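Observations on the three-dimensional arrangement
These are the residues of each chain, in order.
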Amino acid sequence: MFPLTEENKHVARLLLNTGTCPRCIFRFCGVDSHAPYRLPYEELLNELRKFLETEKDELILEVLNPPPKKIRLQELEDRIDNVNQNGEGRLSVIEDGSIASRNSNLNVCNVCLGILQEFCEKDFIKKVCQKVEASGFEFTNLVFSVSFPPQLSVREHAAWLLVKQEMGKQSLSLGRNDIVQLKEAYKWTTHPLFSEELGVPIDGKSLFEVSVVFAHPETVEDCHFLGTICPDCFKPAKNKQSVFTRMAVMKALNKIKEEDFCKQFPCPPNSPKAVCTVLEIECAHGAVFVAGRYNKYSRNLPQTPWIIDGERKLESSVEELISDHLLTVFKAESFNFSSSGREDVDVRTLGNGRPFAIELVNPHRVHFTSQEIKELQQKINKSSNKIQVRDLQLVTREAIGHMKEGEEEKTKTYSALIWTNKAIQKKDIEFLNDIKDLKIDQKTPLRVLHRRPLAVRTRVIHFMETHYVDAHHFRLYLKTQAGTYIKEFVHGDFGRTKPNIGLLMNVTADILELDVESVDVDWPPALDD
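It should be emphasised that the depicted structure is a prediction, and the values quoted were computed from it without experimental measurement.

In this structure, strand β15 (residues 436–443) lies alongside strand β16 (residues 456–470), joined through seven bridges in antiparallel fashion. The residue of β16 that forms the bridge with I440 is R459. Relative to strand β17 (residues 473–481), β16 runs antiparallel, the two sharing eight bridges. Looking at the pairing, H467 lines up with R475 of β17. The turn joining β16 and β17, which pair antiparallel and follow one another in sequence, is formed by two residues.

Turning next to the pattern of salt bridges. This structure, assessed with the given rule, holds 21 salt bridges. Salt-bridge contacts for R299 lead to E513; the nearest nitrogen and oxygen are separated by 3.7 Å. Here the residue R299 occupies a position in the loop between β8 (288–296) and β9 (307–308), and E513 occupies one in strand β19 (residues 509–519), the gap between them amounting to 214 residues. A relative accessible area of 31% places E513 in the partly exposed class.

Our next topic: unusual backbone geometry. Of all residues except glycine, most have a negative phi; of all peptide bonds, most are trans. A cis amide bond, omega 10 degrees, links C267 with the succeeding residue P268. Following K498, the chain continues to P499 via a peptide bond in cis, the omega torsion being -15 degrees. Topologically, P499 is positioned in the loop between β18 (497–498) and α16 (501–505). Phi at D437 is positive, roughly 50 degrees, even though this residue is not glycine.

A few words now on the sheet that holds strand β5 (residues 143–147). One open sheet holds the three strands; their spatial order is β5-β6-β7, and the pairing between them is mixed. Looking at strand neighbours, the two that pair on one side only are β5 and β7 (277–285), the edges of this open sheet. Direction aside, the axes of adjacent strands within the sheet are offset by 15 degrees on average. In this fold helix α5 (residues 122–134) packs onto β5, β6 (208–215) and β7, with an angle of close to 130 degrees to the strand it touches most, β6. Of the strands in this sheet, β5 and β6 touch helix α7 (residues 182–198), which is tilted by about 140 degrees from β5.

Let us now look at the pairing of strand β12 (residues 348–361). Of all 14 residues in β12, ten are buried, a share of seventy percent or more. Taken together, the eight bridges between β8 and β12 define a ladder with antiparallel strand orientation. In the strand pairing of β12, V288 is matched with L360. Two strands pair when backbone bridges link them, and β12 and β19 are joined in this way by two bridges, in the parallel orientation. When the bridges of β19 are listed, T349 appears paired with V516.

Our next topic: α7. The terminal C-alpha atoms of α7 lie 23 Å apart, and with 17 residues this matches the ideal 24 Å at 1.5 Å per residue to within 8%. When the local axis directions of α7 are compared, the greatest deviation, roughly 35 degrees, occurs at T190, which is followed within four positions by the proline P192. All buried positions along α7 are accounted for by L182, A185, Y186, W188, T189, T190, H191, L193, F194 and L198. Buried residues along α7 sit in contact with α2 (22–28), α5, β5, α6 (151–168) and β6. One or two residues past the end of α7 sits G199, with phi positive at roughly 75 degrees.

Here we come to the packing of aromatic side chains. Summed over the entire model, instances satisfying the criterion amount to 21 aromatic pairs. Summarising the aromatic geometry, the rings of F144 and F194 are spaced 4.2 Å apart at their centres and angled 40 degrees between planes, so their arrangement reads as tilted. Of this pair, F144 sits in strand β5 while F194 sits in helix α7; the two residues are 50 residues apart in sequence, bridging distant segments of the chain. For F144, a relative accessible area of 10% translates into the label buried.

Once that is clear, we can look at the packing of α5 against α7. For the pair α5 and α7, the least separation of the axes is 10 Å and the interaxial angle reads 55 degrees. It follows from the interaxial angle that α5 and α7 lie oblique. Note on packing geometry: the crossing formed by α5 with α7 is right-handed. Contact residues: K122, F124, I125, K126, V128, C129, V132 and E133 in α5; Y186, T190, L193, F194, E197 and L198 in α7. Among the residues forming the contact of α5 with α7, the class breakdown is nine nonpolar, one polar and four charged.

Once that is clear, we can look at the environment of W523. Its place among the elements puts W523 in the segment after β19. Measuring from C-alpha to C-alpha, the distance between W523 and M403 comes to 6.3 Å, with 120 residues separating the pair along the chain.

To continue, consider helix α9 (residues 246–255). Owing to its 3.6 residues per turn, the α-helix aligns residues three or four sequence positions apart on the same side. Residues A248, V249, A252 and L253 constitute the buried set of α9. Buried residues in α9, looked at end-on, bunch into an arc of 135 degrees, giving them a common side. Along α9, exposed side chains directed more than 90 degrees from the buried face belong to M247, K251 and N254. Where the residues of α9 are buried, they touch α6, α8 (224–229) and α10 (258–264).

Parameters and conventions
- Residues numbered from 1 in each chain as written.
- Predicted model: local features only at pLDDT ≥ 70, side-chain atom pairs only at ≥ 80, totals over all residues.
- Heavy atoms only, no water.
- Pairing = 2+ DSSP bridges.
- Helix = DSSP H or I, 4+ residues; strand = E, 2+ residues; numbered from the N terminus.
- Salt bridge = Lys/Arg side-chain N within 4 Å of Asp/Glu carboxyl O.
- Buried < 20%, exposed > 50% of the residue type's maximum accessible area, 1.4 Å probe, protein only.
- Axes fitted to C-alpha atoms, helices over the stretch in contact; angles between N-to-C directions.
- Contact = heavy atoms within 4.5 Å.
- Expected span 1.5 Å × (residues − 1).
- Bend = angle between axes of the 7 residues up to and from the residue.
- Phe/Tyr/Trp six-rings, centres within 6.5 Å; stacked < 30°, edge-to-face > 60°.
- Parallel < 35°, antiparallel > 145°, perpendicular 65-115°, else oblique.
- Left-handed = near helix turned anticlockwise from the far one by under 90°.
- Nonpolar A, V, L, I, M, F, W, Y, C, P; charged D, E, K, R; others polar.
- Arc of directions from axis to C-beta.

Right under this line is the structure:
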């Protein structure tokens, strides 16, 4: 059933005769049923022409007994009277009495610039789908996004002012919000075609996005007059090639007076010679996240690449030994590594390991069984004797928050081999076992001042346990608040950490070896290996 009614005829006829396509006419007539937009373009055009052929006893498009030209011209002049307040004849009446813009080629819509014409047809949809299928992405649904040239907003505004005035003569109103948005109409028309061609549903929450960017060089200057009238709306931005963004144009259109607009821009807008061009068709997949725990067994391995002044100090890192495998298997473009704290290059991480998460950017493969993830973990572990990974699993972005939640309230357990300058006996260290919840003040250590702000941080040593080794060595086990600098707690960092082991024992103390025994973060969930 044709969606327009008798009361739409006047507006529909006016728009069609000024170069507007059927789907845009539906939009201006407030048609919000999806089905009419999905009809093939030629069929739509024919149906619209049939609808407009007769109105009561008056012939519209094919007049068998036309009234004298003078009368017809007068009627048309009455219809378009005062559309442009400056009197600059923006509309013209051509020989057969129909309304046209200065450019009489009405094939390309003067409002959508062809977006709702050939870019809604199956041929174009197939071209996009071919690009999607050739991209190599794995997906079970998709979100389709489009970027339209900003001058479409200007042209829609001009057509709206024309229709608004015509409806006003009949004591009817048309608000900007009464017009169906171009993106909505395009979505209604194309989504079923994409879904049918690719065999997957369109889902606004999908992580796989297909985006099409349109441009129309012929009309790119349509927006420029707004920059003169509303300069405050157009501010240069570093990441924008032009100040005439869609948001800036819409802001200016909401600000400009109707009469000022009509003096500067034709109402209705002129018909262009060519349809929009497609600047790019891009496919991208949202990041996926992999988490686990790692053990580090080397005292010569940094957590992340160690590069100073552009020079690499060590050939590998924990981050790379894990991520290189993930990048290959997920076919991702890049990654971001994060963890629950970090250890120094010469510190081992033992026990259940340190929680970590890796964001894989734009992965082409995203679906894995638990067995495949388990095999990936085994592959990582066989590739190096410096690290081991456990509990490897796919997680959500939100779940990573658990790793960072209340980070300073968490506890960590360490073991340290300590040297003293004075000879000691077992009884000299036993008092340390009785100290509980010792508060210490730590000024930012000298060794990290280049990357951490200068501050004094209060930390808690929850308990200590000593094991005597010999006259100059003992092993210290300690549980501390996360974020405690253990090396500085031992040697004092030239008095920047107080109290410290050296002060407590009245000796000069230094740390020879340090191991992280446990990181008390209950995430990610332990898996059955």
